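The lines below spell out each chain.
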Amino acid sequence: MAVASSHFKLPGGAKNQYWANGSMKKSTESKQQEFLPLIKAERLRYENDLKLIAHLPYKLRIRAEMRFFFIKESEKFLKRESVRLGAKFRKKAALQQFCRSQGISISTYYRSLMAYRQGGIKALVPLLGWHTRPVKKTGRKISRRIEIDPKDPLSFLSNFVTIIKSASIIDATTKQTSITALNYILKYFRGNPFKYRPVALCRRLNQKEIGLLHRYLEGSHKNHRARARALLLANRNSSLIEIALEAHRSPGTVLRWIRRFNEEGIGFVETTYDYTKGNAERAKRLDNIVKILHRSPKDYGINRSAWTLQAISHAYKNDYNFVLSASTIRRALKKTNYTWRRAKRVLTSNDPKYIEKTKRVLDALRSLKEDEAFFFIDEAGPWRVKKYGGKSYTAKGKTKKYPQFQKSKGRVTFIGALDAVENQVIWAFTDTKDTAAVVCLIKTLYYRYHDHSGLYFTWDCASWHNSSGVQTCVQLLNGMTAGPSITIYPLPPRSQYLNIVESVFSGLKRAVIHNSDYGCVYEMKSAISQHFRDRNNYFKLNPKRAGNKIWDREYYEVEKIESGLFRKK
């Protein structure tokens, strides 16, 4: 019995529709992935029924199975509702509820159920090619079924031409165009009878191989699914054209698969890709983009001082005659670790002898003997005694405030020296930054380290550091018969970043100056002195040289670094 046009959903409420007339909202291939796992357990129970349609083409078989399991699910639903409702159970109401949940009409359900009861599972197979024509005598319309033989689809096309010719509702232009196209197809296929011959494998597939191919059918890889379907159909001696249509591949591709199976076996189904060529092209593209980044946009006639994705694309097309999209360039730059960063303003030295002077300082520092000492010297201040701001823990939503204009309670200035080996600070408070303060500190260090054989001083290019008074003091001390010799290595101009004592003064300011409100000069000096004493005591208990990276020759290579760029890139 024929089943009228209707649609079904998967058992359990799965949202998939199958149309009895052969059209589907989704491809049979994608629906199989959702359908088969749901009915896998049920297939064993109804194995005998399913064998009756196992010989049918894939699309017809899967739709019939869908309707079959739909009917079985409705029977289970009615039993559950009967037990749950008891005397209140009404079969028609329950069926309406079930059909409503599945999105079909009750009449569609009854027609399918009647077909199943009269003809079994075979009656659920969709009938393709129904044609309605009027009877000449009575004018009543009757239906005539066009039989389709999968082994001879040309007969279906011939009958379809006959239907179009006799259809009165089709206009003459459409009818003529359709008939011409179908006749051309028939002529082409009749001239290639090889495509309709059964395709045979070199051997029959065993059960293990069939199971493996079915697992490929349930997978998500489209090439694996197509190859598995082609082999399964070839194992049933299907025709070449049928396999090509089912696998959505050309007949030549199907023949190549059959040949590969005969030579390599079932393993050829697994698709392997060679990424060597693509990787080489991508690497070359990255190199080309980096080369463009090292040039200026103005070299390409672009009125910009910095590159953008669109500008790089324009330059790439100009150099290599190939268009790259902005997204492709963005991904490439991400792989090369190039990104948008704000430039950092640094203090650089303009001394032409920068490398030479820096090398002298570092060589003297790194070649110290046990009885020699190296000092970084600088002044700090003057710092006014007032209320200061700074970073501190503050309640959310609140901000500490301090007055912009304040009356100064005094000024504090001091000069300090940092022992690079022992990491100790020697300091002295002064009224001003002048030659007298420097001479005082030199004498203090001279007598404090009197048992050493040599003292090395380095400082910036302040005028009082190179004054005649400082030079006279150094000459007098070096002329004494006893005591260490003093050697001075001045730093290049505008290179305070090489003076390690600057970082010590920076830590001092964060610790005792920021957020402070000292009442007098004495309090500030006491806080500064206490900070240095605590720091010296810490490094006596935890010895560590000052300067960290400047001792490392591999990290800090003077010959390869530009002036001012102290940190390694």
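Description of the structure in this document.

Here is what the cut-offs are and how they apply
Residues numbered from 1 in each chain as written. Predicted model: local features only at pLDDT ≥ 70, side-chain atom pairs only at ≥ 80, totals over all residues. Heavy atoms only, no water. Salt bridge = Lys/Arg side-chain N within 4 Å of Asp/Glu carboxyl O. Helix = DSSP H or I, 4+ residues; strand = E, 2+ residues; numbered from the N terminus. Pairing = 2+ DSSP bridges. Axes fitted to C-alpha atoms, helices over the stretch in contact; angles between N-to-C directions. Phe/Tyr/Trp six-rings, centres within 6.5 Å; stacked < 30°, edge-to-face > 60°. Lys NZ or Arg CZ within 6 Å of the ring centre and 35° of its normal. Buried < 20%, exposed > 50% of the residue type's maximum accessible area, 1.4 Å probe, protein only. Lys, Arg positive; Asp, Glu negative; His and termini not counted. Polar contact = N/O pair within 3.5 Å; in protein donor to acceptor, adjacent residues only side chain to side chain. Contact = heavy atoms within 4.5 Å. Expected span 1.5 Å × (residues − 1). Parallel < 35°, antiparallel > 145°, perpendicular 65-115°, else oblique. Left-handed = near helix turned anticlockwise from the far one by under 90°. Nonpolar A, V, L, I, M, F, W, Y, C, P; charged D, E, K, R; others polar. Patch = residues over 30% accessible without salt bridge, like charges linked within 9 Å, V, L, I, M, F, W, Y side chains within 5 Å. Areas by Shrake-Rupley, 256 points an atom, 1.4 Å probe, with all protein chains shown as cover. Charge placed at Lys NZ, Arg CZ, Asp CG, Glu CD. Core = buried A, V, L, I, M, F, W, Y, C linked by side-chain atoms within 4.5 Å.

Right, let's get into the pattern of salt bridges. Evaluated as defined, the whole model comprises 8 salt bridges. Lys359 is paired through a salt bridge with Asp363; the nearest N and O atoms lie 3.0 Å apart. Here Asp363 and Lys359 lie together in helix 15 (residues 354-366), a separation of 4 residues that amounts to about one turn.

Okay, the sheet that holds strand 7 (residues 425-430) next. Pairing is mixed across the open sheet formed by 5 strands, whose spatial order is 7-6-5-8-9. Bordering the open sheet on either side are strand 7 and strand 9 (485-488), each of which pairs with just one other strand. Each strand of the sheet is rotated relative to its neighbour by a mean of 25°, with strand direction disregarded. Taken together, the 4 bridges between strand 8 (residues 454-458) and strand 9 define a ladder with parallel strand orientation. Residue pairing for strand 9: Leu455 is matched across the bridge by Ile486.

Moving on, we get to the packing of aromatic side chains. Summed over all chains, the structure comprises 24 aromatic pairs. Measuring from ring centre to ring centre gives 5.8 Å for Trp383 and Phe414, while their planes differ by 75°; the resulting arrangement is edge-to-face. Taken together, the residues Trp383 in strand 5 (residues 372-384) and Phe414 in strand 6 (residues 411-419) connect sequence positions 31 residues apart. Relative to Phe532, the ring of Phe414 lies with its centre 5.8 Å away and its plane at 75°, an arrangement referred to as edge-to-face. Here Phe414 is found in strand 6, whereas its partner Phe532 is found in helix 19 (residues 521-541), with 118 residues between them in sequence. A network of ring pairs unites the aromatic residues Trp383, Phe414, Trp427, Phe429, Phe505 and Phe532 as a single cluster. The ring centre of Tyr388 lies 5.2 Å from the NZ or CZ of Lys386, which sits over that ring.

Moving on: unusual backbone geometry. Cis peptide bonds are those with omega within 30 degrees of zero, and the linkage from Gly381 to Pro382 qualifies with 0°. Position of Pro382 relative to the elements: it lies in strand 5. One non-glycine residue, Asn423, lies in the positive phi region at around 60°. Within the secondary structure, Asn423 sits in the loop between strand 6 and strand 7. Note on Asn423: relative accessible area 3%, which makes it buried.

Bringing the side chain of Glu379 into the picture now. In this structure, Glu379 sits in strand 5. Of the side chains bearing the opposite charge, Lys433 lies closest to the buried Glu379, which forms no salt bridge; the N-O distance is 5.7 Å. For Glu379, the side chain forms a polar contact with the side chain of Trp464, separated by 3.2 Å. In this structure the side chain of Glu379 is engaged in a polar contact, spanning 2.9 Å, whose partner is the side chain of His465. When neighbours within four sequence positions are excluded, Glu379 is seen to be in contact with Phe414, Ile415, Lys433, Val438, Trp464, His465 and Phe505.

Note: α-helices contain 3.6 residues per turn, so residues at a spacing of three or four share the same orientation. Between its first and last C-alpha atoms helix 19 spans 31 Å; for 21 residues at 1.5 Å apiece the expected length is 30 Å, and the two agree. Of all the positions in helix 19, only Met524, Ala527, Ile528, Ser529, His531, Phe532, Arg535, Asn536 and Phe539 are classed as buried. Next to the buried residues of helix 19 lie strand 5, strand 6, strand 7 and helix 18 (501-513).

Turning next to the packing of helix 18 against helix 19. The interhelical angle for the contact between helix 18 and helix 19, taken along N-to-C directions, is 125°, at an axis separation of 10 Å. In terms of axis orientation, helix 18 runs oblique to helix 19. The chirality of how helix 18 crosses helix 19 is right-handed. Contact residues: helix 18 offers Val504, Phe505, Gly507, Leu508, Ala511, Val512 and Ile513, while helix 19 offers Met524, Ala527, Ile528, His531, Phe532 and Arg535. Partitioning the contact of helix 18 with helix 19 into residue classes produces 10 nonpolar, 2 polar and 1 charged.

Regular strands place their side chains on alternate faces of the sheet. The element strand 5 is largely enclosed, with a buried count of 11 among its 13 residues. Sheet topology note: the strand 5/strand 8 ladder contains 5 bridges and is parallel. Residue pairing in the sheet places Phe374 in a bridge with Tyr456 of strand 8. Bridge count for strand 5 against strand 6 is 8 bridges, and the pairing is antiparallel. Counted as the bridge partner of Phe376 is Leu418 from strand 6.

What follows is about a positive patch on the surface. A cluster of basic side chains, namely Arg282, Arg330, Arg331 and Lys335, defines a positive patch on the protein surface. With 3 residues, helix 14 (residues 326-335) is the single largest residue contributor to the positive patch. Structurally, Lys335 can be placed in helix 14. On the accessibility criterion, Lys335 (60% relative accessible area) is exposed.

Phe374, Phe376, Trp383, Met524 and Ile528 are the most contacted members of the largest nonpolar core, which totals 36 residues. Elements with a contribution of two residues or more to this core: helix 15, strand 5, strand 6, helix 18 and helix 19. Sort the elements by how many residues they give to this core and helix 18 lands first, with 6 residues. Among all residues touching Phe374, those that are not within four sequence positions of it are Val361, Ala364, Leu365, Leu368, Leu418, Asp419, Ala420, Tyr456, Thr458 and Tyr489.

The contact between helix 12 (residues 276-293) and helix 14 brings their axes to 10 Å, and the two run at 85°. With respect to their mutual orientation, helix 12 and helix 14 come out roughly perpendicular. On the side of helix 12, the interface is formed by Arg282, Arg285, Leu286, Ile289 and Leu293, while helix 14 contributes Thr328, Ala332, Leu333 and Lys335. Looking at the contact of helix 12 with helix 14 residue by residue, the classes come out as 5 nonpolar, 1 polar and 3 charged.

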